Amino acid sequence: MIIKPMVRNNICINAHPEGCALETRRQIESILLRRAAYDRLAGPKTVLVVGCSTGYGLASRIVAAFGFGATTLGVSFERSPSESSAGTPGWYNNRTFDDEAAAAALRGRSFDGDAFSSGMKDQVIAAAREMGLRFDLVVYSLASPVRTDPVTGAVYRSVIKPIGGVYRGKTVDPFSKALSLAEVQPATAEEIAQTVKVMGGEDWELWIDALREADALSPSAVTVAYSYVGPELSWPIYRDGTIGRAKAHLEETARRLSSSGAIRAYVSINKALVTRASAVIPVIPLYVSVLYKVMKERGIHEDCIDQMDRLFRDRLYSGAKPAVDSEGRIRIDELEMGAAVQAEVGARIARVDDSDLSKLADVEGFRLDFLRAHGFAVDGVDYEADISPLSSHSGAGAAAPRDASVKG
Ligand code: NAD
């Protein structure tokens, strides 16, 4: 079939197998080009990535495996393709990762299922035992709208809403390129609590506890989870809103985990980038589009793989203890948050209108990155070609044997 992007309410509900494979390989190749710099460092040998299939988690797994040569176990929740419909981007990305890792003689295993469940934790622990592994690094990179509590079975949903008052701010639709004023009603106490349950640190801590109890952590193990701070103009909807409460809980969890002595736990504050959910968050498409334009003009734009390359080489495994801010967090958002960049971005957002949108903001760059996250708009792919949704088209590694991808 011919696979074209199906975007509904700013969510893309399908993916292109060949585009996803090429994008994953592009990231792998960009790390292989920097390989000599990794050889000089003592990196992790065994890594677990929870949320491994897209965005920051996929980039972390690629850096660990293709940079440091680590054995990697990855967990993500994907929809498989059928003869007549495409799977999720992560399904194709995982296959490509597995194939390329096998071709490079890197050990690993990919698990497909709910990371919030106890069953998935048990499966990972059983695999670690069977493979004789203890993890040096656990990356926690989940982004999910929903979580089922593993003990009570209660279902919690996360929302992105302000707390205590209505939020109003300029935003842009990345597809129609229309500017508008977004208005979001404040969250209820119940919505705040549910968002913390989904995106806070509770499940991260459950993972670390389960791994520790199973003796699946190495004595010098480190864990890192990802967060975002962003500019003050986004704080009412982000940092001071429901998701910010969840991230504050994640940060508290890092402090608690570290003080338990079982592991060194960090939160890394990463740069704003376009991922699968970015187009539905009010203000973010406009902010990111302006930020992209300003950072590209200054030659300091980075993507997920650049960010994770810096996190691993310059922070976590530089040989020195990672530098942290006054709240104990690793910062790799310093180029985004630099005073000159933020002053320019803020001024542009304040004055932008329909007449100068394309001059002040890179909305097209946002749109293309969003499509690429689903395997569309990738250079070198023939989007008119007939292709089976079941094909993974991962090229070089496709002929090599794969360690089984386990369905959870
Ligand atoms: P993403 O949507 O690209 O990746 C999320 C991952 O979580 C995917 O692998 C998905 O399969 C997995 N996942 C979701 N629910 C799951 C479940 N129930 N079981 C197993 N796997 C599940 O998101 P991302 O943007 O890479 O975000 C990862 C983390 O980085 C989040 O904590 C996010 O807040 C943070 N972060 C993102 C940005 C940004 O701009 N994108 C910036 C800073 C920090």
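Here, every reference points to the structure presented above.
Presented here is a report on the structure given in the accompanying data block.

Thresholds applied
Residues numbered from 1 in each chain as written. Predicted model: local features only at pLDDT ≥ 70, side-chain atom pairs only at ≥ 80, totals over all residues. Heavy atoms only, no water. Helix = DSSP H or I, 4+ residues; strand = E, 2+ residues; numbered from the N terminus. Buried < 20%, exposed > 50% of the residue type's maximum accessible area, 1.4 Å probe, protein only. Contact = heavy atoms within 4.5 Å. Areas by Shrake-Rupley, 256 points an atom, 1.4 Å probe, with all protein chains shown as cover. Lys, Arg positive; Asp, Glu negative; His and termini not counted. Charge placed at Lys NZ, Arg CZ, Asp CG, Glu CD. Near = heavy atom within 4 Å. Polar contact = N/O pair within 3.5 Å; in protein donor to acceptor, adjacent residues only side chain to side chain. Patch = residues over 30% accessible without salt bridge, like charges linked within 9 Å, V, L, I, M, F, W, Y side chains within 5 Å. Salt bridge = Lys/Arg side-chain N within 4 Å of Asp/Glu carboxyl O. Pairing = 2+ DSSP bridges.

Right, let's talk about the overall build of the protein chain for a bit. Scanning the protein chain from terminus to terminus reveals 14 helices and 14 strands. Principal-axis analysis of the C-alpha atoms gives the protein chain an extent of 60 × 55 × 45 Å. Evaluated residue by residue, the protein chain yields a buried proportion of 55% over its 408 residues. Restricting to contacts in the protein chain with at least 6 residues of sequence separation, those with at least 24 account for 79%. In the form shown here, the protein chain has an accessible surface area of approximately 16,400 Å², with 53% of it arising from carbon and sulfur atoms. Looking at charge distribution, the protein chain has the averaged site of its 48 positive side-chain charges lying 2 Å from that of its 52 negative ones.

With that settled, the discussion passes to the site of the ligand. Taken together, 26 residues surround the ligand, and among them S53, Y56, A115, K247 and L273 come closest. A distance of 3.4 Å separates a nitrogen atom of the ligand from a polar backbone atom of G113. At 3.3 Å from an oxygen atom of the ligand is found a main-chain nitrogen or oxygen belonging to L142. When the ligand sits alone it has 830 Å² of accessible area, and the protein chains cover 89% of it.

Inspection of the secondary structure assignment puts H16 in the loop between strand 2 (11-12) and helix 1 (17-33). If near-sequence neighbours (up to four positions away) are discounted, H16 is found in contact with I3, H374, G375, F376, V381, Y383 and I387.

What follows deals with the side chain of T242. Of note, T242 is situated in helix 8 (residues 242-259). A distance of 2.6 Å separates a polar side-chain atom of T242 from the backbone oxygen of V159.

Turning our attention to a nonpolar patch on the surface. A surface patch of nonpolar side chains, about 290 Å² in accessible area, is lined by M6, I11, I13 and V280. Tracing the backbone through its elements, the reader meets I13 in the loop between strand 2 and helix 1. Classification of I13 by relative accessible area gives partly exposed; the value is 38%.

Turning our eyes to something else, we now look at the pairing of strand 11 (residues 217-227). The element strand 11 is extensively covered by neighbouring structure, given that nine of its eleven residues are classed as buried. Bridge analysis of strand 6 (residues 135-140) against strand 11 gives five bridges, and the strand direction is parallel. Across the sheet, residue V139 finds its bridge partner in strand 11, namely V224. Pairing between strand 11 and strand 12 (residues 264-269): six bridges, direction parallel.

Where helix 6 (residues 189-199) is concerned, the buried positions are E191, I192, Q194, T195, V196, V198 and M199. Where helix 6 is buried, its residues meet strand 7 (146-148), strand 8 (155-157) and helix 8.

What follows deals with the environment of S278. Position of S278 among the secondary structure elements: in the loop between strand 12 and helix 9 (284-297). Through-space distance from the C-alpha of S278 to that of V146 is 16 Å; in sequence the pair is 132 residues apart. Apart from residues no more than four positions distant in its own chain, S278 is found in contact with L273, I284, P285 and F366.

With that settled, the discussion passes to the pairing of strand 3 (residues 46-50). Extensive coverage of strand 3 is indicated by the burial of five of its five residues. Residue alternation in strand 3 divides its side chains into two sets, T46, L48 and V50 and V47 and V49, and both sets are buried. Bridge analysis of strand 3 against strand 4 (residues 71-76) gives five bridges, and the strand direction is parallel. Along strand 4, the bridge assignment pairs V49 with G74. As paired elements, strand 3 and strand 6 share four bridges and run parallel to each other. For V50, the partnering residue across the bridge sits in strand 6 and is Y140.

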